[in-house]
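Notes for the structure review
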Amino acid sequence: MKIGVLAVQGAFIEHEKMLQKLGADTVELRQKGDLNNLDGLILPGGESTVQSLLLDKLEMKQLLKGLIEDGLPTLATCAGLILLAKNIDNAPKSHLATLPVSVKRNAFGRQLSSFVTKQNVGCVSDYPEVFIRAPYISSTEDGVETLCVHEDKIVGVKYKHQIGLAFHPELTEDTRIHQKFLELIAA
Ligand code: GLN
């Protein structure tokens, strides 16, 4: 199983280590030629505006969008979720726009810009969630399943083959979310 990890900016190495621990092959996606024969895609955290600019410059954005729309299983975390969202409340435009949700960037306020909390994520119980200048999901369209909520705000969703999380599962020792993602691909 070959999982592409977008590696233009942000916390991609941590995702790779996690997937390798679980026995998956990973490939760093740095140019359009890297986008072939993928079984899954990870969009990591980082800075969504920078990632989006780089995707345009590297001519990767439309290709990635097409792959996701054609059904490539995708796990997006934090900035990755912002890239996927169809609408961003506090930004002038969306980026890949394949996930029918609205998000708000940097939405938990300055003082709470980073925090860790433990809760259930879908069927994964007591998962340690690491939030870093995280967005939340302000609204969802039909067909989007809510996986988890923090203080009344949606912070994890699943829509068909796309999973979007406001937090960073790659920054924990807990491999269960990546494991679930690999199971989704295998199914
Ligand atoms: N605040 C970042 C953004 O808007 C996301 C932060 C993160 O990925 N940890 O893109």
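Refer to the structure presented above.
Predicted, not measured: the structure shown is a model, and the values here were computed from it.

On to the overall build of the chain, then. The number of helices and strands found in the chain is 5 helices and 12 strands. By the compact-globule yardstick of 16 Å for 187 residues, the chain fits well, its C-alpha radius of gyration being 15 Å. Along the first, second and third principal axes, the C-alpha atoms of the chain reach 40 × 35 × 30 Å. Burial analysis of the chain (187 residues in total) assigns 52% to the buried set. When contacts within the chain are restricted to residue pairs at least 6 apart in sequence, long-range pairs at least 24 apart make up 62% of them. Counting every atom, the chain has about 8600 Å² of accessible surface; 47% of that belongs to carbon and sulfur. Where the 20 positive side-chain charges of the chain centre and where its 23 negative ones centre are 4 Å apart.

What follows concerns the site of the ligand. Near the ligand the following residues occur: Gly45, Gly46, Glu47, Ser48, Cys78, Ala79, Ile82, Arg105, Asn106, Ile132, Arg133 and His168. Between the ligand and the protein, one listed contact pairs an oxygen atom with a backbone N or O atom of Ala79 at 3.1 Å. Within the backbone of Ile132, an N or O atom sits 3.0 Å from a nitrogen atom of the ligand. Burial of the ligand by the protein amounts to 96% of the accessible area it has alone, namely 300 Å². Taken atom by atom, the bulk of the ligand overlaps the second largest pocket. For the shell around the ligand, the per-class residue count stands at 4 nonpolar, 5 polar and 3 charged.

Neither face of strand β3 (residues 40-43) is exposed, since Gly40 and Ile42 on one face and Leu41 and Leu43 on the opposite face are all buried. Bridge count for strand β1 (residues 2-6) against β3 is 3 bridges, and the pairing is parallel. By the bridge assignment, Gly4 is partnered in β3 with Leu41.

Here the focus is helix α2 (residues 48-57). What α2 keeps buried is the set Ser48, Gln51, Ser52 and Leu55. The buried residues of α2 occupy an angular sector of 100° when the element is viewed end-on, so they sit on one face. Away from its buried face, by an angle of more than 90 degrees, α2 presents the exposed residues Leu53 and Lys57. Where α2 is buried, its residues contact β1, α3 (61-69) and α4 (79-84). Just downstream of α2, Glu59 is the residue with a positive phi angle, here 55°.

Right, let's talk about the layout of surface pockets for a bit. By volume, the largest pocket is sized at about 200 Å³. The wall of the largest pocket is formed by Val121, Gly122, Cys123, Val124, Glu145, Leu147, Lys158, Ile163, Leu165, Ile177, Lys180 and Leu184. Among the secondary structure elements, those contributing two or more residues to the lining of the largest pocket are β10 (145-150), β12 (162-165) and α5 (176-186). At 3 residues, α5 tops the list of elements feeding residues into the lining of the largest pocket. Classifying every residue of the lining of the largest pocket by side-chain character gives 8 nonpolar, 1 polar and 3 charged. Taken as a whole, the second largest pocket holds about 170 Å³ of empty space. In this structure, the second largest pocket is lined by 15 residues; those nearest its centre are Gly46, Glu47, Cys78, Ile132 and Arg133.

A large share of strand β11 (residues 153-159) lies buried, amounting to 5 of its 7 residues. The turn linking β10 back onto β11 is made up of 2 residues, and Glu151 within it adopts a positive phi angle of 45°. Where β11 hands over to β12, the hairpin turn is made up of 2 residues, of which Lys160 adopts a positive phi near 50°.

Applying the stated criterion across every chain, the model contains 10 salt bridges. Glu173 is paired through a salt bridge with Lys21; the nearest N and O atoms lie 3.9 Å apart. Taken together, the positions of Glu173 in the loop between β12 and α5 and Lys21 in helix α1 (residues 12-21) put the pair 152 residues apart, joining distant regions of the chain. On the basis of relative accessible area, Glu173 is assigned to the exposed category, the value being 68%. One salt bridge connects Arg30 with Glu28, and the closest N-O pair in it is separated by 2.6 Å.

What counts and how
Residues numbered from 1 in each chain as written. Predicted model: local features only at pLDDT ≥ 70, side-chain atom pairs only at ≥ 80, totals over all residues. Heavy atoms only, no water. Helix = DSSP H or I, 4+ residues; strand = E, 2+ residues; numbered from the N terminus. Rg over C-alpha atoms; globule rule 2.2 N^0.38 Å. Buried < 20%, exposed > 50% of the residue type's maximum accessible area, 1.4 Å probe, protein only. Contact = heavy atoms within 4.5 Å. Areas by Shrake-Rupley, 256 points an atom, 1.4 Å probe, with all protein chains shown as cover. Lys, Arg positive; Asp, Glu negative; His and termini not counted. Charge placed at Lys NZ, Arg CZ, Asp CG, Glu CD. Near = heavy atom within 4 Å. Polar contact = N/O pair within 3.5 Å; in protein donor to acceptor, adjacent residues only side chain to side chain. 1 Å grid on protein atoms, 1.4 Å probe; cavity = no way out; pocket = protein on both sides within 12 Å on 5 of 7 lines; lining within 4 Å. Sits in = over half its atoms within 2 Å of the grid points. Nonpolar A, V, L, I, M, F, W, Y, C, P; charged D, E, K, R; others polar. Pairing = 2+ DSSP bridges. Arc of directions from axis to C-beta. Points joined across faces, edges and corners; volume = space filled by probe spheres on them. Salt bridge = Lys/Arg side-chain N within 4 Å of Asp/Glu carboxyl O.

So, to be careful, I would describe these as geometric facts and stop short of saying anything about function.
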